[in-house]
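Fold and contact review
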Amino acid sequence: MTPEMLPTDQYDAQLADKRHRLISMMSPYSAPEPEVFRSPLRHYRMRAEFRIWHEGDDLYHIMFDQVTKQRIRVDVFPAASELINQLMPKLLAGVKPHSSLRHKLFQIDYLSTFSGEIVISLLYHRQLDDLWLQHAKQLRDDLRSRGFNLQLIGRASKQKICLDRDYVDERLPVGGKEMVYRQTENSFTQPNAAVNIHMLEWAIDVTQNSKGDLLELYCGNGNFSLALARNFNRVLATEIAKPSVAAAQFNIAANQIDNVQIIRMAAEEFTQAMLGVREFNRLKGIDLTSYQCETIFVDPPRSGLDRQTVKMVQAYPRILYISCNPETLCENLLTLSQTHQISRLALFDQFPYTHHMECGVLLEKRA
């Protein structure tokens with residue numbers, strides 16, 4: 001498969017294979033049948049990163065074949081959003097005439113939204129100067145004059161030049177409400193917006209009629225925290241990355257949500273605080289004992305939950321676990337299944353045409 005082709009005729013068979021693999025992986029834990037959520041066949045990725053190849057005065061987007069390591073020219077990329085595809089040739093056409101924009105440019109990152117906004121980052125192996133800034137502004141203004149709601153950023157070693165702002169504001173229809181999500185350049189966001197909506201609505205569904213408060217670890221920009229706030233009295237969420245915390249605070253205000261508290265802490269640190277191992281200044285003024293959390297939500301990195309955090313989450317009657325790596329989820333389930341039973345299971349096809357799977361489980365305390 002080349003980047004300019006998608007095997008759409010194979011999608012159903014590939015999704016069925018993922019479903020069977022997930023059932024097999026979850027069979028030791030007596031999991032129910034998975035609920036399966038499809039991806040759009042095309043234009044599902046809201047962000048894309050391309051290396052840039054130079055041939056004389058010409059340049060173009062490239063990717064590398066993961067198996068052969070061969071260089072592949074990319075002129076169109078149907079996996080990416082239509083907005084990214086529209087801008088790819090226009091951006092390069094605007095870069096080519098200016099050596100200040102072209103020289104030592106080695107990568108371009110695109111982050112787009114359903115709401116029609118996009119931020120583009122130009123990455124260089126050299127320091128950027130006033131001439132770069134002058135021509136970058138001309139490029140930005142030209143693309144905006146053609147109707148693109150665009151932000152442009154230049155990056156080099158220890159240098160970041162942001163012409164206006166380094167974020168876009170996404171708007172997603174989630175469970176009958178429009179949710180606003182600020183997404184910051186170079187920070188984590190869910191790549192497949194349509195499947196992200198499925199994930200949010202599934203999480204809302206499985207936590208309906210919940211009691212008490214929600215504790216969330218790894219909350220990012222508040223993607224799940226804000227959607228789930230409607231089902232709980234209060235939400236206490238942790239995140240370590242500064243830009244994500246700032247975005248989450250904006251999102252709380254933008255969505256007029258008054259029952260979510262974000263703490264800037266790593267999940268491991270918060271576990272130590274909950275277990276009384278350490279005290280943290282960042283928790284001053286927050287009475288952890290006032291929260292009646294009967295549900296904990298985790299969406300950890302690919303490595304899964306560390307041993308201490310697994311033990312900590314076992315204390316909660318209900319565990320909602322979203323995983324981008326079912327293998328590490330299964331490792332965690334070896335412990336979690338000793339005290340909890342899987343009552344809901346979902347497969348979210350975040351990454352169609354690949355072997356990667358995103359899944360969700362709701363675990364409830366055994367009687």
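Residues numbered from 1 in each chain as written. Predicted model: local features only at pLDDT ≥ 70, side-chain atom pairs only at ≥ 80, totals over all residues. Heavy atoms only, no water.

Quick look at the sheet that holds strand β16 (residues 340-348) now. With mixed pairing, eight strands are arranged side by side in an open sheet as β1-β16-β17-β15-β14-β11-β12-β13. Sheet topology places β1 (35-37) and β13 (260-264) at the edges, where each strand pairs with a single neighbour. Taking each pair of neighbouring strands and ignoring which way they run, the sheet shows an average axis angle of 15 degrees. Bridge count for strand β15 (residues 318-323) against strand β17 (residues 358-365) is six bridges, and the pairing is antiparallel. Paired with Y321 across the two strands is V361, which belongs to β17. Of the strands in this sheet, β1, β15, β16 and β17 touch helix α5 (residues 193-206), which is tilted by about 155 degrees from β16. Those strands touched by helix α10 (residues 326-336) are β15, β16 and β17, and its axis lies near 160 degrees from that of β15. (Pairing = 2+ DSSP bridges. Helix = DSSP H or I, 4+ residues; strand = E, 2+ residues; numbered from the N terminus. Axes fitted to C-alpha atoms, helices over the stretch in contact; angles between N-to-C directions. Contact = heavy atoms within 4.5 Å.)

Quick look at the side chain of N325 now. The topology assignment puts N325 in the loop between β15 and α10. Separated by 3.1 Å, the side chain of N325 and the backbone oxygen of R302 make a polar contact. Aside from chain neighbours lying at most four places away, what touches N325 is R302 and M357. (Polar contact = N/O pair within 3.5 Å; in protein donor to acceptor, adjacent residues only side chain to side chain.)

Further remarks concern the UniProt feature "active site" (unreviewed entry) in the chain. Sites flagged by UniProt as "active site" (unreviewed entry) map to C324 and E358. The named residues occupy 35 residues along the chain; their greatest pairwise C-alpha distance, 4.4 Å, places them in one compact cluster. Mapped onto the elements, C324 comes out in the loop between β15 and α10. Those residues within four positions of C324 in sequence are excluded, and the remaining contacts are P300, P301, R302, M357 and E358. Looking at the element boundaries, E358 is found in strand β17. (UniProt positions renumbered as here; feature names shortened; annotations may be inferred.)

Take the environment of R144 next. By the element assignment, R144 lies in helix α4 (residues 130-145). Under the relative-accessibility criterion, R144 is labelled partly exposed at 30%. When the C-alpha positions of R144 and S290 are compared, they lie 50 Å apart, and in sequence the two are 146 residues distant. (Buried < 20%, exposed > 50% of the residue type's maximum accessible area, 1.4 Å probe, protein only.)

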